Amino acid sequence: MRKDPDERVSDARAFADAVATYLGHRGSERLVDVAAERLDALRALEPGADPPGARRLWTEASFALQQSIEAWSDNPRAAEGLREGTALMVRHELAARTSAPPPRSCRPSTLRPPRSCLTSLACAPTSTPRRWSSGTCGRSRGSST
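Residues numbered from 1 in each chain as written. Predicted model: local features only at pLDDT ≥ 70, side-chain atom pairs only at ≥ 80, totals over all residues. Heavy atoms only, no water.

## Notes on the overall build of the protein chain
Quick reminder of the rule: Secondary structure follows DSSP: runs of H or I at least 4 residues long count as helices, runs of E at least 2 residues long count as strands, and numbering of each begins at the N terminus. Relative accessibility thresholds used throughout: buried, under 20% of the residue-type maximum; exposed, over 50%; partly exposed, between the two (1.4 Å probe, protein chains only). Contacts are residue-level and defined by heavy atoms, with any inter-residue pair within 4.5 Å sufficient.
Along the protein chain, the regular secondary structure elements total 4 helices and 0 strands. Listing every helix and strand of the protein chain by position from the N terminus yields α-α-α-α. Classification of the 145 residues of the protein chain by burial places 18% in the buried group. Contacts in the protein chain between residues at least 24 apart in sequence constitute 55% of all its contacts with a sequence separation of at least 6.

## Concerning a nonpolar patch on the surface
Applied cut-off: To count toward a patch, a residue needs a relative accessible area over 30% and no salt bridge; like charges are then connected within 9 Å, while nonpolar side chains (Val, Leu, Ile, Met, Phe, Trp, Tyr) are connected within 5 Å. To be clear on the numbers: accessible area is Shrake-Rupley with a 1.4 Å probe, and residue cover counts the displayed protein chains and nothing else. By convention in these notes, a salt bridge is any Lys or Arg side-chain nitrogen within 4 Å of a carboxyl oxygen on Asp or Glu.
Where nonpolar side chains cluster on the molecular surface, the patch consists of Val9, Phe15, Val19, Tyr22 and Leu23 and spans about 460 Å² of accessible area. Note that Phe15 resides in helix α1 (residues 12–44).

## Topic: the nonpolar core
Our working definition: In this text, buried Ala, Val, Leu, Ile, Met, Phe, Trp, Tyr and Cys residues form a nonpolar core when linked through side-chain atoms within 4.5 Å.
Counting residues in hydrophobic clusters, the biggest one holds 13 residues, and the most contacted among them are Ala35, Leu39, Leu42, Trp58, Ala61, Leu65 and Met89. Residue assignment for this core shows that the elements contributing at least two residues are α1, α2 (51–71) and α3 (76–99). Per element, the largest residue contribution to this core is 6 residues, and it comes from α2. Residues within four places of Leu65 in sequence aside, it is in contact with Val32, Ala35, Leu39, Ala78, Gly81 and Leu82.

## Things to note about α1
Here is the rule: A helix is expected to reach a length of 1.5 Å times the quantity of its residues less one. Bending is quantified residue by residue as the angle between axes fitted to the seven-residue window ending at that residue and the seven-residue window starting at it.
The end-to-end C-alpha distance of α1, which contains 33 residues, comes to 46 Å, matching closely the 48 Å that a straight helix rising 1.5 Å per residue would cover. A bend of about 40 degrees at Arg26 is the largest found in α1. Of all the residues in α1, the buried ones are Ser28, Val32, Ala35, Leu39 and Leu42.

## What to know about α2
Rule in force here: Relevant arc is that of directions from the helix axis to the C-beta atoms, nothing else.
End to end, α2 covers 30 Å across 21 residues, agreeing with the expected 30 Å (1.5 Å per residue, within 8%). Within the sequence span of α2, burial applies to Gly53, Ala54, Leu57, Trp58, Ala61, Ser62, Ala64, Leu65 and Ser68. For α2, the angular spread of the buried residues around the axis is 165 degrees, confining them to a single face. Opposite the buried face of α2, by more than 90 degrees, sit the exposed residues Pro52, Phe63, Glu70 and Ala71.

Right, here's the structure in full:
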């Protein structure tokens, strides 16, 4: 109850509506509280220091925030949490990518198969002989496809 009479609800119906709104949003607010704990832990991590840990915390926080918005679409704390958390995660991902070497599968030496593989594939016998020539990209002469 407010001390100032002008700030109080006007009648019992308005008070009942205010209580119903509060109770209806209580679950959504609890989810935001859970997400805030995860975001606090994410803020405490040094960017790039623990990429799997940061991703786990962000996954948990974003899930709670999305569920909160599902329960109450106008929850301002949930929307702000998603914005802030996304920005935090971008900083973590950028720091992790600049401090770690690229995965082995993305290194230039592994993007092309060794020449011996290419040679053995080009020389492999087929059921129907093909006539190869430059400029046909591996198609038989006279082939339209």
